[in-house]
Amino acid sequence: MSNAPVDSGRRRFLTATTAVVGGAGCAFAAVPFIASWNPSAKAKAAGAPVEVDISKLEPGQLIRVDWRGQPVWVVNRTQAALDELKAVEDQLKDPASDEPQQPEFAKNQYRSLKPEILVAVGLCTHLGCSPTYLPDTFGEQVSGVKSGFFCPCHGSKFDMAGRVFQNVPAGLNLVIPPYTFVDDTTILVGVEEGAA
């Protein structure tokens, strides 16, 4: 060992330089690690709002779109289907939609923003099967009702507002997703009215 005096200025410089280089190295190593916590582009797309063109949707017709990995039905209800809604209320479990299966804007007789257009998640609330849309033959399931949704797995039945009938396995009405009308022919599923 040398008996030379310690150069404290040089020692401080080397200590500070080592700390700065080490800190920068940690920051560069942390950036990819922290970036890996962000959702992937595929995950972002799965939760993104879905735009639906209803310009060619005929009365009585149903179209399906995927939103968050779930089927969403968009149905152009006929006037006859709308007239049936009031007539079946005494046969329904939750005719006033008191259970929270829809946004506040859809808590009405039609469970929709516009009476003629139903937007609903197409999964049975019993075990998640996909009910069948019966536009003309639902009377075979529920006497006196021309159109509705029937789940063939366990026999759950829903009216044209997605409200569940009594004495079936499903306990809740079909889920109404948040949505809004961009214009008269375009619906944005996944964004609640007023938020778009």
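The structure displayed is predicted, hence computed values, not measured ones.

Chemist: Mind laying out the overall build of the protein, listing which residues take part and the relevant values?
Modeler: Helix and strand content of the protein: three helices and nine strands. Listed N to C, the secondary structure of the protein is α-α-β-β-β-α-β-β-β-β-β-β in terms of helices and strands. In terms of overall size, the protein is more extended than a compact globule, its C-alpha atoms giving a radius of gyration of 29 Å where 196 residues would be expected to give roughly 16 Å. Taken over the C-alpha atoms alone, the protein extends approximately 110 × 35 × 25 Å along its principal axes. For the protein, buried positions account for 37% of its 196 residues. Sequence separation of 24 or more characterises 56% of the internal contacts of the protein that already satisfy a separation of 6 or more. As displayed, the protein has an accessible area near 11200 Å², and 56% of this comes from carbon and sulfur atoms. Charged side chains in the protein number 17 positive and 21 negative. The centres of these two groups are separated by 13 Å.

Chemist: Tell me about unusual backbone geometry, and please be specific about residues and values.
Modeler: For Arg 68, which is not a glycine, the phi torsion comes out positive at approximately 55°. By the element assignment, Arg 68 lies in the loop between strand E2 (62-67) and strand E3 (70-76). On the basis of relative accessible area, Arg 68 is assigned to the exposed category, the value being 52%. Positioned with a positive phi, Ser 97 is a non-glycine residue whose angle comes to about 55°. Note on placement: Ser 97 falls in the loop between helix H3 (79-87) and strand E4 (117-121). On the basis of relative accessibility, which here comes to 0%, the residue Ser 97 falls in the buried class.

Chemist: Give me the lowdown on the pairing of strand E8 (residues 179-183), citing residues and values where you can.
Modeler: Regular strands have side chains that alternate between both faces of the sheet. Of the pairings in the sheet, the one linking E8 to strand E9 (residues 186-189) comprises four bridges and is antiparallel in character. Looking at the pairing, Tyr 179 lines up with Val 189 of E9. In textbook terms, the turn of a hairpin is the stretch between consecutive antiparallel strands, and for E8 and E9 this stretch comprises two residues.

Chemist: If you had to explain the packing of aromatic side chains to someone new, which residues and values would you point to?
Modeler: Each aromatic ring pair is characterised by the separation of its centres together with the angle its planes make. Tallied over the entire structure, the rule returns five aromatic pairs. Seen in terms of ring centroids, Trp 73 and Phe 149 are 4.6 Å apart; in terms of plane orientation they differ by 15°. Their pairing is stacked. Placement of the pair is Trp 73 in strand E3 and Phe 149 in strand E6 (residues 148-150), with a sequence separation of 76 residues. Here Trp 73 matches Phe 149 in class, with each residue buried. Each member of the aromatic cluster is reached from another via a ring pair, and the members are Trp 73, Tyr 133 and Phe 149. Seen from the ring of Phe 181, Lys 114 lies directly overhead, with NZ or CZ sitting 4.2 Å from the centre.

Chemist: Explain the pairing of strand E1 (residues 50-53) to me, using residue names and the numbers behind them.
Modeler: Along E1, the buried face is formed by Val 50 and Val 52; none of Glu 51 and Asp 53, which line the opposite face, is buried. Of the pairings in the sheet, the one linking E1 to E9 comprises four bridges and is antiparallel in character. Residue pairing in the sheet places Val 52 in a bridge with Ile 187 of E9.

Chemist: How would you sum up the state of the cysteines? Please name residues and give values.
Modeler: Following the criterion strictly, the structure yields zero disulfides and no others. Take Cys 151: it sits in no disulfide, and the sulfur closest to it among the cysteines is that of Cys 124, at 4.0 Å. Here Cys 151 falls in the buried class, since its relative accessible area comes to 1%.

Chemist: Summarise the UniProt feature "domain: Rieske" (unreviewed entry) in the protein; cite the residues concerned and give the values.
Modeler: The sites that carry the UniProt feature "domain: Rieske" (unreviewed entry) are, in the present numbering, residues 91-188. Along residues 91-188 one finds 0% helix and 21% strand; the C-alpha atoms at either end are 32 Å apart.

Chemist: Talk me through the environment of Lys 146; I want residue IDs and the actual numbers.
Modeler: Residue position: Lys 146 is located in the loop between strand E5 (132-134) and E6. Residue Lys 146 is classed as partly exposed on the basis of its relative accessible area, which comes to 46%. In this structure the C-alpha to C-alpha distance between Lys 146 and Asp 98, which are 48 residues apart in sequence, comes to 25 Å. Apart from the residues within four sequence positions on either side, Lys 146 is in contact with Glu 84, Leu 134, Pro 135, Asp 136, Thr 137, Phe 138 and Gly 139.

Cut-off values and rules
Residues numbered from 1 in each chain as written. Predicted model: local features only at pLDDT ≥ 70, side-chain atom pairs only at ≥ 80, totals over all residues. Heavy atoms only, no water. Helix = DSSP H or I, 4+ residues; strand = E, 2+ residues; numbered from the N terminus. Rg over C-alpha atoms; globule rule 2.2 N^0.38 Å. Buried < 20%, exposed > 50% of the residue type's maximum accessible area, 1.4 Å probe, protein only. Contact = heavy atoms within 4.5 Å. Areas by Shrake-Rupley, 256 points an atom, 1.4 Å probe, with all protein chains shown as cover. Lys, Arg positive; Asp, Glu negative; His and termini not counted. Charge placed at Lys NZ, Arg CZ, Asp CG, Glu CD. Pairing = 2+ DSSP bridges. Phe/Tyr/Trp six-rings, centres within 6.5 Å; stacked < 30°, edge-to-face > 60°. Lys NZ or Arg CZ within 6 Å of the ring centre and 35° of its normal. Disulfide = S-S within 2.5 Å. UniProt positions renumbered as here; feature names shortened; annotations may be inferred.

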